[in-house]
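# Architecture and fold: a report
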Amino acid sequence: MTTAPASPAELTEYRVRLLRTTRAIVLPDLESVVEGEPLFRAASPEGLLTLTVRGAQLPAPYLADVYRFRLAQYLQRGWVNEEAAAARGLDAEPYDVSALTDQHTLVVEAETGRLRGYGTLVAARGPAGTLLGDPAHHPFAVERDYELRLADHLGAATPAAHVREGKRLVRDYAMERSQAGASVPWWVYRGWAEGCVRALAEEGAAVVGDGKPGVAIHQLGLLGFAARMLDVPARPSDPEDLFAPMWDQQQRSYPFVLTDEGALRPTLAHLDAILVSGEPGSVGARLTAFREARS
């Protein structure tokens with residue numbers, strides 16, 4: 001039986017309710033409740049704390065709040081199919097047990113615990129030992145979203161476990177303009193990149209994802225990644241897909257493949273120095289100058 005579509009009033013009520021309950025997601029005493037050592041930890045002069053952890057290191061309510069944050073951030077950017085979300089009564093982005101092994105980078109206000117930035121690095125979902133060319137390979141999201149087989153670009157014999165996918169790198173949509181606000185995306189990148197560095201240590205490893213050439217892909221290059229953009233078309237979006245509106249944007253996104261050709265660690269060390277200095281000014285411009293001086 002088909003569910004009747006929500007009325008405009010019901011959609012408005014759903015949106016208001018969701019944004020009201022997710023307006024200020026707080027992860028109190030985050031550092032003290034994380035189980036074990038984080039993959040990355042840094043404190044900023046602006047009062048931000050950045051941690052990169054596996055989902056299993058977070059208490060279950062904190063992990064649930066992470067997925068509530070993800071849904072709310074995309075909803076505010078117009079990237080969520082509100083009809084589909086309302087019909088399913090979602091108050092968080094759906095997730096499963098794989099979230100426990102995924103890496104989550106969290107940028108919070110140290111004093112309040114308010115979540116201000118987020119990014120994730122996910123592992124292959126298929127059976128252990130699967131190769132990219134195997135029929136049992138479970139496609140990454142970027143493979144499903146584009147006319148793309150990673151086996152054609154990374155090699156059919158590449159273990160799927162040597163590939164990671166970057167997703168959902170965002171800053172809190174409600175954060176006001178400030179030095180802290182300007183630094184949040186770079187702290188997300190920094191913690192997230194630490195996981196990438198570890199993953200890329202494997203022979204033939206790669207990090208994949210998608211983004212806009214003049215924004216995310218450009219910034220990833222500034223961070224020291226060797227970024228290769230794949231010019232392949234996106235599949236027609238399913239109008240029932242939860243994130244269908246993401247594909248209806250003026251500037252299209254492209255899949256990318258990230259590897260490490262030796263510039264990643266030196267550039268991240270320079271980024272560390274920039275971020276902990278607390279000096280105002282464009283982080284991107286200073287990274288550009290650093291990369292140009294090294295080339």
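Throughout what follows, the structure given in this document is the object of discussion.

The rules we used
- Residues numbered from 1 in each chain as written.
- Predicted model: local features only at pLDDT ≥ 70, side-chain atom pairs only at ≥ 80, totals over all residues.
- Heavy atoms only, no water.
- Axes fitted to C-alpha atoms, helices over the stretch in contact; angles between N-to-C directions.
- Helix = DSSP H or I, 4+ residues; strand = E, 2+ residues; numbered from the N terminus.
- Parallel < 35°, antiparallel > 145°, perpendicular 65-115°, else oblique.
- Left-handed = near helix turned anticlockwise from the far one by under 90°.
- Contact = heavy atoms within 4.5 Å.
- Salt bridge = Lys/Arg side-chain N within 4 Å of Asp/Glu carboxyl O.
- Buried < 20%, exposed > 50% of the residue type's maximum accessible area, 1.4 Å probe, protein only.
- Core = buried A, V, L, I, M, F, W, Y, C linked by side-chain atoms within 4.5 Å.

## Description of the packing of helix H1 (residues 8-21) against helix H3 (residues 60-76)
Interaxial distance between H1 and H3 falls to 10 Å at its minimum, and their mutual angle equals 130°. One way to sum up the angle between H1 and H3 is to call them oblique. Like other packed secondary-structure pairs, H1 and H3 cross with a definite hand, here left-handed. Here Tyr14, Arg15, Leu18, Leu19 and Thr21 of H1 lie close against H3, whose contacting residues are Arg68, Leu71, Ala72, Leu75 and Gln76.

## Brief notes about the pattern of salt bridges
Summed over the entire model, instances satisfying the criterion amount to 17 salt bridges. Here Asp152 and Arg149 are joined by a salt bridge, their closest N and O atoms 2.5 Å apart. Of the residues examined, Asp152 reaches a relative accessible area of 55% and is grouped as exposed. Overall, the relative accessible area of 42% leaves Arg149 in the partly exposed class. Salt bridges sharing common partners tie together Arg190, Glu194, Arg198, Arg265 and Asp272.

## Section: the nonpolar core
Trp186, Trp192, Leu220, Leu223, Phe225, Leu271 and Leu287 are the most contacted members of the largest nonpolar core, which totals 35 residues. Taken together, the elements giving at least two residues each to this core come down to strand E1 (40-43), helix H7 (179-199), helix H8 (213-222), strand E8 (254-259), helix H9 (264-277) and helix H10 (283-294). If you tally residues by element for this core, the top one is H7, at ten residues. Ignoring sequence-local partners within four residues, the contact set of Trp192 consists of Thr52, Thr105, Gly119, Thr120, Leu121, Gly166, Leu169, Val207, Leu220, Phe225 and Leu258. Val53, Ala85, Val108 and Phe243 belong to the second largest nonpolar core, which has 32 residues in total.

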